Amino acid sequence: GFSEAEKSTIEVVLTDDLTVKVVSLAGLGLLKLVSWVDRPNERERDAQDLWFVMKNYLDAGNEERIFAENNPHLDLLENFDVELTGARLFGRDVAELLNDETRKILQRALSEEDMNAGIYQLTAIVTRFTHQLEPDDESIITVWRVFREELLR
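Source: prediction; values computed, not measured. (Residues numbered from 1 in each chain as written. Predicted model: local features only at pLDDT ≥ 70, side-chain atom pairs only at ≥ 80, totals over all residues. Heavy atoms only, no water.)

Enquirer: Help me understand the packing of helix α2 (residues 25–38) against helix α5 (residues 82–97), please; the structure alone is not making it clear to me.
Expert: Angle between the axes and distance between the axes are the two parameters that describe a pair of packed helices. In contact at an axis separation of 9 Å, α2 and α5 are set at 80° when each is read in the N-to-C sense. With respect to α5, the element α2 is oriented roughly perpendicular. In contact with Leu25, Ala26, Gly27, Gly29 and Leu30 of α2, α5 contributes Phe90, Asp93, Val94 and Leu97. (Axes fitted to C-alpha atoms, helices over the stretch in contact; angles between N-to-C directions. Helix = DSSP H or I, 4+ residues; strand = E, 2+ residues; numbered from the N terminus. Parallel < 35°, antiparallel > 145°, perpendicular 65-115°, else oblique. Contact = heavy atoms within 4.5 Å.)

Enquirer: Even after reading the chapter, I still don't get the nonpolar core, so can you show me in this structure?
Expert: Here is a general trend for soluble globular proteins: nonpolar side chains tend to be buried in one another's company. By size, the foremost hydrophobic cluster in this structure holds 32 residues, and its most contacted members are Met54, Phe90, Leu106, Trp144, Phe147 and Leu151. Among the elements of the structure, α2, α3 (44–55), α5, α7 (112–129) and α8 (137–151) are those that each provide at least two residues to this core. In this structure, Phe90 is in contact with Leu25, Ala26, Gly29, Leu50, Val53, Met54, Tyr57 and Phe147, ignoring residues within four places of it in sequence. (Core = buried A, V, L, I, M, F, W, Y, C linked by side-chain atoms within 4.5 Å. Buried < 20%, exposed > 50% of the residue type's maximum accessible area, 1.4 Å probe, protein only.)

Enquirer: Looking at this structure, I do not really get the environment of Val34. What am I missing?
Expert: Take Val34: it is sitting in helix α2. Distance in space between the C-alpha atoms of Val34 and Gly1 is 6.7 Å, their sequence separation being 33 residues. Those residues in contact with Val34, other than ones at most four positions away along the chain, are Thr102 and Leu106.

Enquirer: How should I be thinking about the pairing of strand β1 (residues 10–15) in this particular structure?
Expert: Regular strands have side chains that alternate between both faces of the sheet. Little of β1 is tucked away: 0 of the 6 residues are buried. Here β1 runs beside strand β2 (residues 18–22); their pairing, made up of 5 bridges, is antiparallel. Residue Ile10 lies in a different strand from β2, and its bridge partner there is Val22. Hairpin connection from β1 to β2: 2 residues lie between these consecutive antiparallel strands. (Pairing = 2+ DSSP bridges.)

Enquirer: How do you make sense of the packing of aromatic side chains when you look at a structure like this?
Expert: Two numbers describe a pair of aromatic rings. These are the distance of the centres and the angle of the planes. Taken as a whole and assessed by the stated rule, the structure comprises 4 aromatic pairs. When the centroid spacing of 4.7 Å and the interplanar angle of 45° are considered together, the rings of Tyr57 and Phe90 count as tilted. Note that Tyr57 is positioned in the loop between α3 and α4 (63–67) and Phe90 in helix α5, a separation of 33 residues in sequence. On the basis of relative accessibility, which here comes to 4%, the residue Tyr57 falls in the buried class. Ring centres of Phe67 and Phe80 lie 5.6 Å apart, and the angle between their planes is 55°; on these two criteria the pair is classed as tilted. (Phe/Tyr/Trp six-rings, centres within 6.5 Å; stacked < 30°, edge-to-face > 60°.)

See below:
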């Protein structure tokens, strides 16, 4: 995921003389996802970070994209839900970064059969991370599933 994330960097001007490249949220999400998929039992922090970005994706400057004229994501306005819409858009944005090799790796790792077990593991991590402030496990599972659907579209 490094080469894909690098292509998604944005330039941030810190001073007149200093501009730095920073990975986009979609690029960060891809790095966190690949890291977690590679070592799920050792990389809980990556799953927590991925969840945090996904939960806040619309509020991170992406809400305007949903409501803009000529929006290519008009379908996301149907049954609008902030969490689910953010997860869907996040999945789409991460998917746009994937090269063929990384897409195949994620398709294998996030196959329906493997992802069912993975989603429950991710849900347990989120529940511990958020100290059970989430509404319920079923809503967490739904957010992970819609992210996965858009990512692997």
